[in-house]
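# A structural walkthrough
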Amino acid sequence: MIRAVIELFTKVKINPFFWIVIASAFITGYFKEMVMIFTIVFIHELGHAVAARSFKWTIYKIELLPFGGVAEVEDTSNKPFHEELIVILAGPIQHLWMMALSYYFIAFPFWSTYDHQLFIWHNIMILLFNVLPILPLDGGRLLQLLFMYRFPYAKAITVMRNVSLFFLFVLCFIASVIYFSLHLWMIITFLLIIHYLDWKQRYYTFMKFILGKQSSPIFTKSANVHVPNSITVKEAVKFCKRGSSLTYNYFDPAIGKHVQLHEEIIRIAYLDRKRIHHRICDLKPAQF
C-alpha cells in the first residue's frame, strides 16, 4: 500500500502557472492560505487516484493547476459502474476526514482557531463547488454516470453535455452579476475550454467507447431494443449502452419474419466504416 502511494506521488505534475500563483500569493501575504487550498485540492485528487489504483486503473498524472487539480486516469467509458462510482466519491470523501482532523489539531498551539476556521471554510467551499453538476467536476461525473446507467451511451453524453453547459452559464451569470471574482473566472474559462475540447472530440470519444466494448467487453445484463428495419448502422450503434449487451429486433417485410441482430454485428459494421450507412437489414441476421 505504501509503495502504491509513493508511486502515485511520482505521477504528480506541477503546471508552470502554478508557480506564478504561489509567487503572487507570497508577495500579497496570502501564501499560507494558498498552500492550505492546494493541500486540500491535492489530497482530494489523491483520493481519486488511490481509489483508481486499487482497481488497477492506469493513472497518467495528478496535475496541480493554478486553480485546482486533476487526476488523469485511463478511459472509463467501459469500466464497471461500481468502480467508477467509488473512484468519483473517493475525492469528496477526503474532505470529511480533513475537517475532522482540523478539529483535533485545534487543541495544539501550531493550529490556531483562525487556521481551523479558514481550513473548514475552504474545505466546504471546495466540496460544494465540486458537487456542482458541471463536467469535469465530481458532481457532473456522478450525474453523467447516472445518465449512462439509464440511457444509451451516445444519448447520455449529449444530455450531460447540455446539462453541464446550462449550469456553467448559470455560473457565468453569478460571476458576472452577483459575485465577481478573478479566480472564479479563471475556473470558468478553464471549464469552458474543457467543454469545447470535449465537443470537438465527441466522435473520438464515441469511437473509444465502441472500441472498448470490442476489445474488453464488460456486460452486466442483456437487453432488447426494437428498431425499424430501415435504420442505418450509424444510427443503430447509438443504442449501445454501457454495461449492457443489446439484441436488436426488427421486422423484415421482404422475408415476412422477425429478425434479431446481436450488438457485436452492429459494432463490427460500424468500425468497418464502409458499412456505416448500410441498413441493418443488409447485415447477416438470425431469423426466428
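This one's a predicted model, so the numbers in the text were calculated from it and none came from an experiment.

## A closer look at the overall build of the protein chain
From N to C terminus, the protein chain includes 11 helices and 7 strands. Relative to its full complement of 288 residues, the protein chain shows a buried share of 44%. Pairs at least 24 residues apart make up 64% of the contacts formed inside the protein chain by residues separated by at least 6 positions. Surface accessibility of the protein chain: about 16200 Å² in total, with carbon and sulfur atoms responsible for 68%.

## Considering the environment of Arg-161
By secondary structure assignment, the location of Arg-161 is in helix H7 (residues 153–178). For the pair Arg-161 and Gln-144, spaced 17 residues apart in the sequence, the C-alpha separation amounts to 8.7 Å. The contact partners of Arg-161, leaving out residues within four places of it in the chain, are Asp-198, Trp-199 and Arg-202.

## Structural notes on unusual backbone geometry
The omega torsion across Leu-135 and Pro-136 is 0 degrees, close enough to zero to call that bond cis. Despite not being glycine, Lys-56 shows a phi value in the positive range, around 65 degrees. By the element assignment, Lys-56 lies in the loop between helix H3 (31–54) and strand E2 (59–65). Phi at Arg-273 takes a positive value of approximately 70 degrees, unusual for a residue other than glycine. Relative to the helices and strands, Arg-273 resides in the loop between helix H11 (263–272) and strand E7 (286–287).

## Looking at the pattern of salt bridges
Applying the stated criterion across every chain, the model contains 10 salt bridges. In this structure, Glu-63 engages Lys-61 in a salt bridge whose closest nitrogen and oxygen atoms are separated by 3.2 Å. Among the salt bridges present, the one from Glu-84 reaches Arg-242, with a minimum N-O distance of 2.5 Å. Pair noted here: Glu-84 is in helix H4 (residues 81–105) and Arg-242 is in the loop between helix H10 (233–236) and strand E5 (244–252), with a separation of 158 residues, a long-range link. Judged by relative accessible area, Glu-84 falls into the buried class, the value being 7%. One salt-bridge network, in which partners are shared between bridges, spans Lys-61, Glu-63 and Glu-72.

## Considerations on the nonpolar core
Counting 34 residues, the largest nonpolar core has Phe-206, Tyr-248, Ile-266, Tyr-270 and Ile-280 as its most contacted members. Elements that contribute at least two residues to this core include exactly H4, helix H6 (138–150), H7, helix H9 (202–215), H10, E5, strand E6 (257–262) and H11. Counting residues per element, this core draws most heavily on H7, which supplies 5 residues. Apart from the residues within four sequence positions on either side, Phe-206 is in contact with Tyr-153, Ala-154, Val-237, Lys-238 and Tyr-270. Residues Phe-42, Ala-51, Ala-52 and Ala-90 belong to the second largest nonpolar core, which totals 11 residues.

## So, the packing of aromatic side chains
Taken as a whole and assessed by the stated rule, the structure comprises 14 aromatic pairs. Centre to centre, the rings of Phe-105 and Phe-110 are 5.4 Å apart; their planes meet at 65 degrees, and the pair counts as edge-to-face. One aromatic cluster is present, built from ring pairs that chain together Tyr-104, Phe-105, Phe-108, Phe-110, Trp-111 and Phe-119. Here Lys-155 stacks its cationic end above the ring of Phe-151, 4.6 Å away from the centre of that ring. A cation sits over an aromatic face here: Arg-202 above Trp-199, 4.1 Å from the ring centre.

## Some remarks on the pairing of E6
Across 6 bridges, E5 lies against E6 in antiparallel orientation. When the sheet's bridge partners are listed, Asp-252 is paired in E6 with Lys-257. From the end of E5 to the start of E6, which pair antiparallel, there are 4 residues, and Gly-256 there has a positive phi angle of about 70 degrees.

Conventions adopted
- Residues numbered from 1 in each chain as written.
- Predicted model: local features only at pLDDT ≥ 70, side-chain atom pairs only at ≥ 80, totals over all residues.
- Heavy atoms only, no water.
- Helix = DSSP H or I, 4+ residues; strand = E, 2+ residues; numbered from the N terminus.
- Buried < 20%, exposed > 50% of the residue type's maximum accessible area, 1.4 Å probe, protein only.
- Contact = heavy atoms within 4.5 Å.
- Areas by Shrake-Rupley, 256 points an atom, 1.4 Å probe, with all protein chains shown as cover.
- Salt bridge = Lys/Arg side-chain N within 4 Å of Asp/Glu carboxyl O.
- Core = buried A, V, L, I, M, F, W, Y, C linked by side-chain atoms within 4.5 Å.
- Phe/Tyr/Trp six-rings, centres within 6.5 Å; stacked < 30°, edge-to-face > 60°.
- Lys NZ or Arg CZ within 6 Å of the ring centre and 35° of its normal.
- Pairing = 2+ DSSP bridges.

Keep in mind these numbers describe shape, not what the thing actually does.
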